[in-house]
Amino acid sequence: LLVAFVFASCAKQPTQEITNAQAAIDAVVAEKGDVYAPDELKKLNDDLQAANDEISTQSKKFFKKYGPAKEMLAALLTEAEAVKAGIPAKKEAAKNAAIQAQTEAKALLDEAKALLDKAPKGKGTKADIEAMKSDLAGLETSFAEIQTAIDGQDFFGASGKAATIKEKAMAISDQVKAAMEKVKR
C-alpha cells in the first residue's frame, strides 16, 4: 500500500494541457489579437505564466497536486476561445471607425478647399494663400494613404492618418475664416 501511495502521489505534470493552452494563445495571436485585443492577450499570457508557476511549485513538492494548475489551464483555454471569437467584431469596429474617419477627413478637406477658393485676395495675402494651397495639396496626397492603410487592414493607422488630416484641414479652414472675418470688419 505504501508503494502504491508513493506512486500515486507522484502525479504527472499537465504537459498536454500546457501545450493546448499555448496553442490557444498562439491562435489568438494569429487572429491579430496583439492588435485588436492586446489587454486580453496580456491577461492570457499572465494566466499561462501563473499556471506554469503553480506547476513549478508543485513539481518541487514530494506530494504533487496539479489539480489547481489544470483548472487554471482549462479556464485559460475557455478564455482564449472567447477572446479569439471576439476579435472579428473588434476588427470590424476598427474598420468602420477608419472608414468613418476617412469620410470626415474628406469632408473637412473639401471644406478647406472651398473656403480657400473664397479667401480674400489682396495685397500681402498671395503668399499665405499659396502656402495654404500647398498644404492642402500635401493633405490630398496623404489622404490617399488612408485608403492604402484600410486596404492593408491597418485600421488604426488609417484612423490616425485621418485624424492628422482632419486637424490640419481644420486649421487651414480656421485661418481662412479668420481672414474673411477680418476683411468683413
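Reading guide: rules and limits
- Residues numbered from 1 in each chain as written.
- Predicted model: local features only at pLDDT ≥ 70, side-chain atom pairs only at ≥ 80, totals over all residues.
- Heavy atoms only, no water.
- Helix = DSSP H or I, 4+ residues; strand = E, 2+ residues; numbered from the N terminus.
- Contact = heavy atoms within 4.5 Å.
- Areas by Shrake-Rupley, 256 points an atom, 1.4 Å probe, with all protein chains shown as cover.
- Axes fitted to C-alpha atoms, helices over the stretch in contact; angles between N-to-C directions.
- Parallel < 35°, antiparallel > 145°, perpendicular 65-115°, else oblique.
- Left-handed = near helix turned anticlockwise from the far one by under 90°.
- Buried < 20%, exposed > 50% of the residue type's maximum accessible area, 1.4 Å probe, protein only.
- Phe/Tyr/Trp six-rings, centres within 6.5 Å; stacked < 30°, edge-to-face > 60°.
- Lys NZ or Arg CZ within 6 Å of the ring centre and 35° of its normal.
- Salt bridge = Lys/Arg side-chain N within 4 Å of Asp/Glu carboxyl O.

Enquirer: What exactly am I supposed to notice about the overall build of the protein chain here?
Expert: A count of helices and strands for the protein chain gives 7 helices and 0 strands. Seen in sequence order, the protein chain has helices and strands lined up from the N terminus as α-α-α-α-α-α-α. Sequence separation of 24 or more characterises 75% of the internal contacts of the protein chain that already satisfy a separation of 6 or more. A total of about 11400 Å² of accessible surface is found on the protein chain, and carbon and sulfur atoms cover 58% of it.

Enquirer: Can you help me understand the packing of helix H2 (residues 15–30) against helix H4 (residues 38–59) in this one?
Expert: It is at 10 Å that the axes of H2 and H4 come closest, and there the two elements cross at 165°. Relative to H4, H2 is oriented roughly antiparallel. In this structure, H2 meets H4 at a crossing whose hand is left-handed. For the pair H2 and H4, the contacting residues are Ile18, Ala21, Gln22, Ile25, Val28 and Val29 in the first and Leu41, Leu44, Asn45, Leu48, Asn52 and Ile55 in the second.

Enquirer: Looking at this structure, I do not really get the environment of Ala85. What am I missing?
Expert: Mapping Ala85 onto the fold places it in helix H5 (residues 67–117). Relative accessible area serves as the criterion here: at 59%, Ala85 is assigned to the exposed category. As a C-alpha pair, Ala85 and Val28 span 57 residues in sequence and 8.9 Å in three-dimensional space.

Enquirer: What exactly am I supposed to notice about the packing of aromatic side chains here?
Expert: Note on aromatic pairs: each is described by the distance of the centres and the angle between the planes. All told, the structure shown has 1 aromatic pair when counted by the stated rule. Looking at Lys106, its charged tip hangs above the ring of Phe143, at a distance of 5.6 Å from the centre.

Enquirer: Got a minute to help me understand the pattern of salt bridges in this structure?
Expert: Inspection of every chain in the model, using the stated rule, returns 10 salt bridges. Between Glu40 and Lys90 there is a salt bridge whose closest N-O contact spans 2.6 Å. Taken together, the positions of Glu40 in helix H4 and Lys90 in helix H5 put the pair 50 residues apart, joining distant regions of the chain. We note a salt bridge from Lys177 to Glu111, for which the minimum N-O separation is 3.5 Å. With Lys177 in helix H7 (residues 155–184) and Glu111 in helix H5, this residue pair connects regions lying 66 residues apart in the sequence. Lys177 gets classed as partly exposed once you look at its relative accessible area, which sits at 38%.

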